[in-house]
Amino acid sequence: MEFSVIGRSQLKLGRFDLLYRELGFYNLKNNCRILNNRVCYGNNMRLKKTEIRFTLKALQSEPVLEKKRSGHGTRSKRVNGVKLFVGLPLDAVSSECKSNNHARAIAAGLKALKLLGVEGVELPIWWGIVEKDAMGKYDWSGYLAIAKMVQKVGLKLHVTLCFHGSKKPHIPLPKWVSRIGESQPSIFFTDRQGQHYKECLSLAVDNLPVLDGKTPVQVYQSFCESFKSSFSPFIGSTITGISMGLGPDGELRYPSHHGLPSDNKTRGVGEFQCYDQNMLSFLKQHAEESGNPLWGLGGPHDAPTYDQPLHSNNFFEDGGSWESTYGDFFLSWYANQLLTHGDHLLSLAASTFGDTGVTVYGKIPLMHSWYGTRSHPSELTAGFYNTTNKDGYEPVAKMFARNSCKMIIPRMGLTDANQANGTHCSPEMLIAQIMTACKNHGVKVSGQNISEFGALEGFNQIKKNLSGDKVLDLFTYHRMGAYFFSPEHFPSFTEFVRCLNQPELHSDDLPSEEEEDTGSSVKSEESSVNSLSAVNL
């Protein structure tokens, strides 16, 4: 089986030799080990008599000349100016934060990405790991170790501060926060049935002293300040970007779809999350101030539940309650609560890191189901008042612009053609709308994909999104792991990197006769390197 690795033409062969010795197909989920040049998965299974051949290819079809003999420097850049990052495993650091999971695999992977010409990697840092046992007691050791690894390789690092939990892998909120939640469940989002979403705190408690006398915003502030102090040797040099977690999965939204499968084929519209004690208190106050106290008793009574389609109830139907005076009252309040929350956290991040030289980011969701309907129910339940009559992303873009933050848009590998029938999905049209709002307000965009699976079609769609206007300047590919480096996926990824790194030559970059001679000799040298047999498994 042949496995292609793209590298830069000016790289020395010895660097590839080192990479090939260290880079294997690591199964990060099944306890992969390397013993005597053989790879073991789990406890019993061993791959035998399988040869993997690494083929060295030039990243660029023409040689990159270091200097011009005429005295003029060459100038080249990515055609669309988009920088490429790759996400590290979600569980890169152990739950005790004392060690790194998959350390050898990550180290080899970092070298491979550097050779490919990738700009850097993204590292999720979990609140539930760093501040696990007690408020104000931080342990950054595992994450600092990864920062040093990234710095040593020469890559950039984008850090995501995760103030939410994860089911896969299982990373809960800090233990001390969960203990508070057992006696005060109103700190969590709650749906109409009274079910609590325990993977992040309700935005309604942002400024309430519910965490042993402190507000969540104060706790997040202390976390960010501790991060800034602990990572000061890396911030502004190795660490160039910081994403502020804003809600479920780090996104600015309500957990309106948490009861639904995550296969992108759900038909449900989601459910409003306004039934915890504090959200109801705010709604009651807002209704009384508007002169309609009866509107503050709860959310819409005629809205569907998680897995029900648009037509199962009246609220989202054409001419339904969403178009009434009450509907506008509720949806405006619901969306404004989310915007206020986002403003609080992005302002916190901007003020904390504003003097460091790093860029601050925030992530919004891509709620593309039912986008082709007039009411856009999946966006409404998630907190975005976006309908056929109202642009819900203009105020979001304004909020990002006000805080001088960049916006992350996920799922950029999705296409309209591959969505479930009957749900009127349109990820492509929704992305276009969000990016237009960002362009209108001068907000730069960073893209992400949802998964490396289905890579070929995903790559094509990502490249399509990256080839547009200059609003988008960074893309993070998710996520390094066993499949990422597999022969089924990695060759497609290397081709994707090659496309992003095509140089754009200027008229004064044309080589002289002497340089052409030099280029010919470089081509000759490259052609003599056909393949390197690196690892026998």
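The rules we used
- Just so you know, the residues in each chain are numbered from 1, in the order the chain's sequence is written.
- The predicted origin of the model limits local features to residues at a pLDDT of at least 70 and limits the giving and counting of side-chain atom pairs to 80 or more, whereas totals for whole chains, interfaces and linings rest on all residues.
- Each side-chain value is worked out from all heavy atoms of the structure, with water and hydrogens disregarded.
- UniProt positions are given in the numbering used here, feature names are shortened, and annotations may be inferred rather than shown by experiment.
- Each helix is a run of H or I in the DSSP string that is no shorter than four residues. Each strand is a run of E no shorter than two, and both are numbered from the N terminus.
- Throughout this description, buried means an accessible area under 20% of the type-specific maximum (1.4 Å probe, protein chains only), exposed means over 50%, and partly exposed covers the range between.
- Should any heavy atoms of two residues lie within 4.5 Å, those residues are counted as being in contact.
- In this description, accessible areas are obtained by the Shrake-Rupley approach with a 1.4 Å probe, and a residue is regarded as covered only by the protein chains that are shown.
- The set of buried Ala, Val, Leu, Ile, Met, Phe, Trp, Tyr and Cys residues whose side-chain atoms join them within 4.5 Å is what this entry labels a nonpolar core.
- Strands pair, by our definition, only if DSSP identifies at least two bridges between them.
- In a helix, the anticipated span is given by 1.5 Å times the number of residues less one.
- With axes taken as lines fitted to C-alpha atoms, and helix axes fitted only over the stretch in contact, angles between N-to-C directions fall between 0 and 180 degrees.
- The salt bridge criterion pairs a side-chain nitrogen of Lys or Arg with a carboxyl oxygen of Asp or Glu, the two atoms within 4 Å.

For the protein chain, an unreviewed UniProt entry supplies the name Beta-amylase and the organism Lupinus albus. Its UniProt record gives the protein chain a comment under Sequence similarities (unreviewed entry), which states: "Belongs to the glycosyl hydrolase 14 family." As stated in UniProt under Catalytic activity (unreviewed entry), the record for the protein chain gives "Hydrolysis of (1->4)-alpha-D-glucosidic linkages in polysaccharides so as to remove successive maltose units from the non-reducing ends of the chains."

## A short note on the overall build of the protein chain
The number of helices and strands found in the protein chain is 14 helices and 16 strands. Relative to its full complement of 537 residues, the protein chain shows a buried share of 54%. Taking as baseline every contact in the protein chain between residues at least 6 positions apart, the subset at least 24 positions apart corresponds to 77%. Split by element, the accessible area of the protein chain, about 23,300 Å² in all, is 49% carbon and sulfur.

## A few points about the nonpolar core
Judged by nonpolar contacts, the single largest core of 132 residues is most densely connected at Ile125, Leu161, Phe227, Phe231, Met244 and Phe493. Sort the elements by how many residues they give to this core and helix α8 (residues 325–353) lands first, with 14 residues. Once you skip the residues sitting within four places of it in the chain, Met244 turns out to touch Leu161, Phe163, Tyr220, Cys224, Gly250, Leu345, Leu346, Leu348, Ala349, Tyr361 and Gly362.

## Section: the environment of Glu317
With respect to the secondary-structure elements, Glu317 resides in the loop between α7 (277–289) and α8. On the basis of relative accessible area, Glu317 is assigned to the partly exposed category, the value being 24%. Once the C-alpha coordinates of Glu317 and Pro377 are considered, the two residues, 60 residues apart in sequence, prove to be 9.4 Å apart. Setting aside chain neighbours within four positions, we find Glu317 in contact with Leu310, His311 and Trp322.

## Concerning the pairing of strand β8 (residues 156–162)
The element β8 is largely enclosed, with a buried count of six among its seven residues. Summarising the sheet, strand β7 (residues 120–126) and β8 pair through seven bridges and their orientation is parallel. Looking at β8, one finds that Ile125 is bridged to Leu161. Sheet analysis places β8 next to strand β11 (residues 239–244), joined by five bridges and oriented parallel. The partner of Leu161 across the bridge, within β11, is Met244.

## As for helix α4 (residues 141–153)
For the α-helix, the turn length of 3.6 residues means that residues three or four positions removed from each other point alike. If you check α4, its first and last C-alpha atoms are 19 Å apart, about what 13 residues at 1.5 Å a residue would give, namely 18 Å. Among the residues making up α4, those that are buried are Gly142, Tyr143, Leu144, Ile146, Ala147 and Val150. Against α2 (103–116), β7, α3 (127–130), β8 and α6 (216–230) lie the buried residues of α4. Of the residues flanking the end of α4, it is Gly154, one or two places downstream, whose phi is positive at about 100 degrees.

## Thoughts on the sheet that holds strand β6 (residues 83–87)
Taken together, eight strands build a closed barrel; the order of strands is β6-β7-β8-β11-β12-β13-β14-β15 and the barrel is parallel. Along the sheet, successive strands turn relative to each other by an average axial angle of 30 degrees, direction set aside. Sheet contacts for α4: β7 and β8; angle to β7, the most-contacted strand, approximately 175 degrees.

## Brief notes about the side chain of Thr415
Note on placement: Thr415 falls in the loop between β13 (406–409) and α11 (427–440). When sequence neighbours within four positions are dropped, the list of residues in contact with Thr415 reads Pro427, Glu428, Glu457 and Gln461.

## Some remarks on the pattern of salt bridges
Scanning all chains against the criterion turns up 13 salt bridges. Two residues, Arg498 and Glu495, come together in a salt bridge whose shortest N-O distance is 2.7 Å. Residue Arg498 and its partner Glu495 are both found in helix α13 (residues 490–500); the two are separated by three residues, about one turn of the helix. It is possible to trace a salt-bridge network through shared partners that takes in Asp249, Glu251, Arg253 and Lys363.

## A look at the pairing of β13
Of the two faces of β13, the one lined by Lys406 and Ile408 and the one lined by Met407 and Ile409 are each fully buried. Alignment of strand β12 (residues 359–363) against β13, held across three bridges, turns out to be parallel. From the neighbouring strand, Gly362 faces β13, where its bridge partner is Met407. Sheet topology note: the β13/strand β14 (residues 445–448) ladder contains three bridges and is parallel.

## Some details on the environment of Ser178
Tracing the backbone through its elements, the reader meets Ser178 in helix α5 (residues 175–183). Under the relative-accessibility criterion, Ser178 is labelled partly exposed at 29%. Each C-alpha atom, one on Ser178 and one on Gly128, is 9.8 Å from the other, the two residues being 50 residues apart in sequence.

## Here we look at unusual backbone geometry
Cis geometry marks the peptide bond from Lys168 to Pro169; its omega dihedral reads -5 degrees. Summarising the element assignment, Pro169 is placed in the loop between β8 and α5. With an omega of 0 degrees, the peptide bond between His478 and Arg479 qualifies as cis. Structurally, Arg479 is set in the loop between β15 (472–477) and α13. One non-glycine residue with positive phi stands out, namely Asp249, at about 55 degrees. Tracing the chain through its elements places Asp249 in the loop between β11 and α7.

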